[in-house]
Amino acid sequence: MDMFELAPQSKLEDTLSGWWKAWRGAGDAGARERLIDHYQRHARITAALLYGQHPYRVIEFDDYLQFANVGLIEALDRYDPDSGVRFETFSASRMRGAILDGIRRSSDVQEQISARRRMAGERADMLAPAAEKTDDVDKLFADLAEVAVGLAIGFVLDGTGMYQAEDDGGGESVYQAVELAQLARRLRAMVRSLPGNQREVVTGHYLQQMSFSDVAERLQLSRGRVAQLHKEALERLRQMLARQDIGAFSC
C-alpha cells in the first residue's frame, strides 16, 4: 500500500527534475512554462495568505496573485536545483517580497490619483465664477468654457494629460502623448513670461504641486487674491496659445 502511495509522488519528482534540467541546463522555454504552471498553486497559496492578513484592502486578490507570479518567475529564473533547497522554500520569500513591493507601488499610485483629484477639484473651485442667478445662456456658456479651458491648461501643465493618454494605450494615444508633451514644453516656456505673482502662482501650484492655500501663504497673499491671479494667469496663457493657433485652447 505504501509503495502505491509513494509512486505518484516519486513520479512527480522525476518529472519536475526533468523539467528543471531542461530549463536550467538547456534553456528549454517549454520546460520553463511547465514549471510556472506547476507552481501556480504555490503562488496562489502565498497570495491568499498575505491577502488574508490585510482586512482593510483596496487591492483585489487578483493583484496579489499577479504580484506573486512576478516573484515566482524571478525565483524560477534564479533557482539552482542542485542547491539542496526546495524550490517552494526558495521562492516563498521572493513571492512575499514581490507582493509587498506591488502593494506599496499600488498604494503610491492610488495616493497620486487621489491627490490629482483633490487638486482638480480645488482648481475647479478657484476657476468657478462667483455665484449669481442669471438667465443669460451665453454668459453661462462662456463661464463654463472658461472653467473647462482653465482646467485643460492645468492638466497639460502638471502632466495629468500625458498620464491619462499613456494609460489608454494604443498607437494613437502614444501620438497624443507626444503632442501633449510638446504642448507642455511650450506652455512652461510661456509660464516663465508671466508677470511676477501670476508666474509664482502657476509655478507653485502646477509645477511644484502646492495647494493654493500653501501658495497664498508663501506669497503672503489672501486666498482670494491667489484665485484672481490664477484666473488671470490661465487667461493670459490661453490668449498666448490662441495667438499660436492651438485649436484646443482658442475657444
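Residues numbered from 1 in each chain as written. Predicted model: local features only at pLDDT ≥ 70, side-chain atom pairs only at ≥ 80, totals over all residues. Heavy atoms only, no water.

**Section: the nonpolar core**
Among soluble globular proteins, nonpolar side chains are generally buried collectively. The condition that has to hold: Residues belong to one nonpolar core when they are buried, are Ala, Val, Leu, Ile, Met, Phe, Trp, Tyr or Cys, and are joined through side-chain atoms within 4.5 Å. Three labels apply to residues, based on accessible area from a 1.4 Å probe with only protein chains included: buried if under 20% of the type maximum, exposed if over 50%, partly exposed otherwise in between. Strands here are runs of E lasting at least two residues and helices are runs of H or I lasting at least four, both read from the DSSP assignment and numbered beginning at the N terminus. Whether two residues are in contact is decided by their heavy atoms, any of which lying within 4.5 Å being enough.
Core analysis: the largest hydrophobic core is formed by 24 residues, its most contacted members being Trp20, Tyr64, Phe87 and Ile99. Contributions of two or more residues to this core are made by α1 (2-26), α2 (29-38), α3 (40-52), α4 (61-78) and α5 (87-127). With sequence-adjacent residues up to four places away left out, Phe87 is seen in contact with Trp20, Tyr39, Leu72, Ala75, Leu76 and Tyr79. Ile153, Leu187, Val191 and Leu194 belong to the second largest nonpolar core, which has 16 residues in total.

**What to know about the packing of aromatic side chains**
Keep this limit in mind: Any two of the Phe, Tyr and Trp rings considered here, Trp counted by its six-membered ring, make a pair once their centres fall within 6.5 Å; the pair's planes then place it as stacked at under 30 degrees, edge-to-face at over 60, or tilted in between.
Summed over the entire model, instances satisfying the criterion amount to 8 aromatic pairs. Ring centres of Tyr51 and Phe61 lie 5.5 Å apart, and the angle between their planes is 75°; this geometry places the pair in the edge-to-face category. Of this pair, Tyr51 sits in helix α3 while Phe61 sits in helix α4, and the two are 10 residues apart along the sequence. Pairing Tyr51 with Tyr64 gives two aromatic rings, centres 5.1 Å apart and planes at 85°, and the pair type is edge-to-face. Taken together, the residues Tyr51 in helix α3 and Tyr64 in helix α4 connect sequence positions 13 residues apart. When its relative accessible area of 2% is taken as the criterion, Tyr64 is described as buried. Three or more aromatic residues joined by ring pairs form one cluster here, namely Trp20, Tyr39, Tyr79, Phe87 and Phe90.

**Describing the packing of α3 against α4**
Filter applied, for reference: Fitted lines through C-alpha atoms serve as axes, helices being fitted only where they are in contact, and the angles separating the N-to-C directions of these axes extend from 0 to 180 degrees. Small angles under 35 degrees read as roughly parallel and large ones over 145 as roughly antiparallel, with 65 to 115 read as roughly perpendicular and the rest as oblique. Put simply, a crossing is left-handed when the front helix is turned counterclockwise from the back one by less than a right angle, and right-handed when it is turned clockwise. Gly counts as polar in this scheme, as do all residues outside two lists: the nonpolar Ala, Val, Leu, Ile, Met, Phe, Trp, Tyr, Cys and Pro, and the charged Asp, Glu, Lys and Arg.
Axis separation between α3 and α4 bottoms out at 8 Å; the angle between their running directions is 130°. The angle between α3 and α4 places the two elements in the oblique class. The way α3 lies across α4 gives a crossing that is right-handed. Of the residues in α4, those touching α3 at Gln40, Ala43, Arg44, Ala47, Ala48, Leu50 and Tyr51 are Phe61, Tyr64, Leu65, Ala68, Asn69 and Leu72. Here the contact of α3 with α4 is built from residues that sort into 10 nonpolar, 2 polar and 1 charged.

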